[in-house]
Amino acid sequence: MSLQNTDPEYTQRLGVFLEEVRNEPGSMLEPTTRWLAILATLTGNGSVDAYKEALPQALQEGLDPVAVKEMVYQATDYLGYGRALPFLHATNDALTAAGIALPLPGQATTTMNDRLEKGIAAQVKIFGEHMNEAWKAGNRYLAANCFGDYYTRTGLDLAQREMITFCFLSAQGGCEPQLIAHAKGNMNMGNDAAFLTKVVLQCLPYIGYPRSLNAMGCIAKAAKQ
């Protein structure tokens, strides 16, 4: 039985709020960007049922299936395989139901021989020259796996990848130091404080007020730094 039948007052107010946020002047985002942020947020806070509701809408409004898959793949870096796996299955089910053949075209641009080198290059582009040596201080996996295996893939550009990382971190909570760092990374990629604020506001119904307020505070700290 649908929630509209069992909880009509709840669904009526929620539906109004979702549309209110979506169409709020000054905080609107281009539809595919909005959906990518929402799906990353739902993945970040483990909301697989809501993700299953949202994904078909996102596809209908033009979000590229490759972008969705790339978001889920990158979630493994920030959530771990165990929490990303249900979303990979949910994505595959939704794409199959939409008549999209799997697997999708490959997006890898690195090999096992150059993933560290190219991962470092991605870190440097996002965070600055000091990342050239950071991997030597125990961050080899971060450079080779997180950035070399995922950030170097096509399907999403670095600005989009930093945005979804911001969403993963803000949605799961307890990651404020990393959230500030990636807010700065977003700004380095052109996703300024105003853009990140729009992302938080568009994701507010899916993340709740406490973590949204924390994310806004991290944006402000990153902007000052």
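Coordinates for the structure precede this section.
Model, not experiment: these values are computed from the prediction.

1. Regarding the overall build of the chain
Stage number 1. Tallying secondary structure elements over the chain gives 13 helices and zero strands in all.
Stage number 2. Of the regular secondary structure in the chain, the N- to C-terminal order runs α-α-α-α-α-α-α-α-α-α-α-α-α.
Stage number 3. What you see for the chain is a C-alpha radius of gyration of 18 Å, in line with the 17 Å of a compact globule of 225 residues.
Stage number 4. Its C-alpha atoms give the chain principal-axis dimensions of about 55 × 45 × 30 Å.
Stage number 5. Within the chain, the fraction of its 225 residues that count as buried is 44%.
Stage number 6. Expressed as a percentage of contacts within the chain between residues at least 6 apart in sequence, the contacts between residues at least 24 apart total 70%.
Stage number 7. Accessible surface computed for the chain: about 11,300 Å², of which carbon and sulfur atoms make up 55%.

2. Description of the pattern of salt bridges
Stage number 1. In the structure shown here, the tally under the stated rule is six salt bridges.
Stage number 2. Here arginine 153 makes a salt bridge to glutamate 70, at a shortest N to O gap of 2.7 Å. Residue arginine 153 is found in the loop between helix 9 (140-151) and helix 10 (158-172), and its partner glutamate 70 is found in helix 5 (residues 65-79); the two are separated by 83 residues along the sequence.
Stage number 3. Across the pair aspartate 149 and arginine 115 runs a salt bridge whose closest N-O atoms are separated by 2.7 Å. Of this pair, aspartate 149 sits in helix 9 while arginine 115 sits in helix 7 (residues 115-127); the two residues are 34 residues apart in sequence, bridging distant segments of the chain.

3. Focus on the nonpolar core
Stage number 1. Of all hydrophobic cores here, the largest spans 54 residues; its most connected members are Leu39, Tyr51, Leu63, Met71, Ile164 and Phe166.
Stage number 2. Of the residues forming this core, the biggest block, eight residues, is contributed by helix 5.
Stage number 3. With near-sequence residues (within four places) excluded, tyrosine 51 lies in contact with Leu39, Leu42, Thr43, Val68, Met71, Val72, Phe87, Ala90 and Thr91.
Stage number 4. Counting five residues, the second largest nonpolar core, distinct from the first, contains Ile120, Val124, Ala134 and Ala143.

Parameters at a glance
- Residues numbered from 1 in each chain as written.
- Predicted model: local features only at pLDDT ≥ 70, side-chain atom pairs only at ≥ 80, totals over all residues.
- Heavy atoms only, no water.
- Helix = DSSP H or I, 4+ residues; strand = E, 2+ residues; numbered from the N terminus.
- Rg over C-alpha atoms; globule rule 2.2 N^0.38 Å.
- Buried < 20%, exposed > 50% of the residue type's maximum accessible area, 1.4 Å probe, protein only.
- Contact = heavy atoms within 4.5 Å.
- Areas by Shrake-Rupley, 256 points an atom, 1.4 Å probe, with all protein chains shown as cover.
- Salt bridge = Lys/Arg side-chain N within 4 Å of Asp/Glu carboxyl O.
- Core = buried A, V, L, I, M, F, W, Y, C linked by side-chain atoms within 4.5 Å.

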